[in-house]
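# Fold and contact review
Here are the chains, one letter per residue:
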Amino acid sequence: MSNPVIDRTAPTEHPVIDVLAARWSPRAFNNQNPIDEAKLATALEAARWSPSAYNQQPWRFIIARRDTALHAQIVDSLIGFNQTWAGSAAVLVVAVAETATAEGTPIPHALYDVGQAVAHFSVQAHHDGLVVHQMSGFDPEVVREFADLEPRFTAATVLAVGELGDIDALSDALRERETAPRVRRPMAETVILSA
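The following refers to the structure shown. (Residues numbered from 1 in each chain as written. Predicted model: local features only at pLDDT ≥ 70, side-chain atom pairs only at ≥ 80, totals over all residues. Heavy atoms only, no water.)

### Side note on the packing of aromatic side chains
- Applying the stated criterion across every chain yields a total of one aromatic pair.
- Taking the centre distance of 6.2 Å and the plane angle of 10° together, the rings of F29 and W85 count as stacked. Here the residue F29 occupies a position in the loop between α1 (18–22) and α2 (37–48), and W85 occupies one in helix α4 (residues 80–86), the gap between them amounting to 56 residues. Each member of the pair, F29 as well as W85, is classed as buried.
- The ring of W24 has R8 lying over it, and the distance from NZ or CZ to the ring centre is 5.0 Å.
- The ring of W85 has R27 sitting right over it, with the charged end atom 6.0 Å from the ring centre. (Phe/Tyr/Trp six-rings, centres within 6.5 Å; stacked < 30°, edge-to-face > 60°. Helix = DSSP H or I, 4+ residues; strand = E, 2+ residues; numbered from the N terminus. Buried < 20%, exposed > 50% of the residue type's maximum accessible area, 1.4 Å probe, protein only. Lys NZ or Arg CZ within 6 Å of the ring centre and 35° of its normal.)

If you want it as C-alpha cells, here you go:
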C-alpha cells in the first residue's frame, strides 16, 4: 500500500486554524495497521472534556477494533454503501446519546452535546494524524440490540477511525468522491440574521 498524501485543505472565506481547515472525512482507510491506542485514547479524552449543558455529559461510546466480533456487528448495522468501505477502518466508534436520565427526565440537549463531543474527538484525532468519517447511514435499533442499550440511550452516529489508506485502491465511484472539490454553502447564505 502506498503512503497516501493528499491535500484536502478547505478553501475557507475567512482564516480558521489549520486543523479545522485540513480536517475531512475520507473513506479510504489503511486496512493493515491497528489503531494507535494512545491517539485513540487522546481523541476520547478530547470528547470527554467537550462542553455540555448542566455538565450532564450525555455521551457514551462503543469502541470496536477491526477483526473483532463487535466491529463486525457494527459493520452489519451500516447501510450497504457504508459497508463497502467502513469495514477497513481500524476502529468503529458508535456515539451514544443519553436522551433521558435514569429517573426518566428527558435530556433535550443530548444529541447536540454528543455532536460536540464527536466534533472534539474528530478534531483531536485529525490533529494526531488519524482520520475520522462520521456516518448517519446505520440502523440504531440493531446497535441497541447487540449493545443491550436501555431505552434512555440512542445510538446517534458511527465513526470510522484509523489511518488514511490508499485512495487509488477504492472503487471508481468512491475515488471520485474522495478527490472531488470540497464545497460549502457561502457564508452569506449560512448566516440568516446578523445585527
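Now that the structure has been shown, the text picks up again.
### Here we look at the layout of surface pockets
- Approximately 530 Å³ is the volume attributed to the largest pocket.
- A10, P11, T12, E13 and R184 are, among the 16 residues lining the largest pocket, the residues nearest its centre.
- Residues belonging to the lining of the largest pocket are distributed by class as follows: eight nonpolar, three polar and five charged.
- The space that makes up the second largest pocket amounts to roughly 200 Å³.
- What lines the second largest pocket is R8, R23, W24, S25, R27, R177, E178, A180, P181, R182, V183 and R184.
- Looking at the lining of the second largest pocket residue by residue, the class counts come to four nonpolar, one polar and seven charged. (1 Å grid on protein atoms, 1.4 Å probe; cavity = no way out; pocket = protein on both sides within 12 Å on 5 of 7 lines; lining within 4 Å. Points joined across faces, edges and corners; volume = space filled by probe spheres on them. Nonpolar A, V, L, I, M, F, W, Y, C, P; charged D, E, K, R; others polar.)

### Re the pairing of strand β4 (residues 153–162)
- A large share of β4 lies buried, amounting to eight of its ten residues.
- Examined bridge by bridge, strand β2 (residues 91–98) and β4 share eight bridges and lie antiparallel to one another. Bridging across to β4, V94 finds its partner in V158.
- When strand β3 (residues 131–135) meets β4, the two strands line up antiparallel, connected through five bridges. Counterpart to V131 in the pairing with β4 is G162. (Pairing = 2+ DSSP bridges.)

### As for the sheet that holds β2
- Spatial strand order, β1-β2-β4-β3: four strands in an open sheet with antiparallel pairing. Among the strands making up the open sheet, the edge pair consists of β1 (59–65) and β3. On average, each strand axis in the sheet is tilted by 25° relative to the strand beside it, whichever way the strands run.
- As paired strands, β1 and β2 are joined by seven bridges and run antiparallel to one another. Bridge pairing links I63 to V93 in β2. (Axes fitted to C-alpha atoms, helices over the stretch in contact; angles between N-to-C directions.)

### A few points about the pattern of salt bridges
- This model, assessed by the stated rule, comprises eight salt bridges.
- Linking E178 and R27 is a salt bridge whose minimum nitrogen-to-oxygen distance equals 3.5 Å. Of this pair, E178 sits in helix α7 (residues 172–179) while R27 is found in the loop between α1 and α2, placing the two residues 151 residues apart along the sequence. There is no split in this pair, since E178 and R27 are both buried.
- Taking the shortest distance from any N to any O, the salt bridge between E98 and R152 comes out at 2.5 Å. Note that E98 is positioned in strand β2 and R152 in the loop between α6 (140–147) and β4, a separation of 54 residues in sequence. Residues E98 and R152 agree in their burial class; the two are buried.
- Through salt bridges with shared partners, one network takes in R60, E98, E150 and R152. (Salt bridge = Lys/Arg side-chain N within 4 Å of Asp/Glu carboxyl O.)

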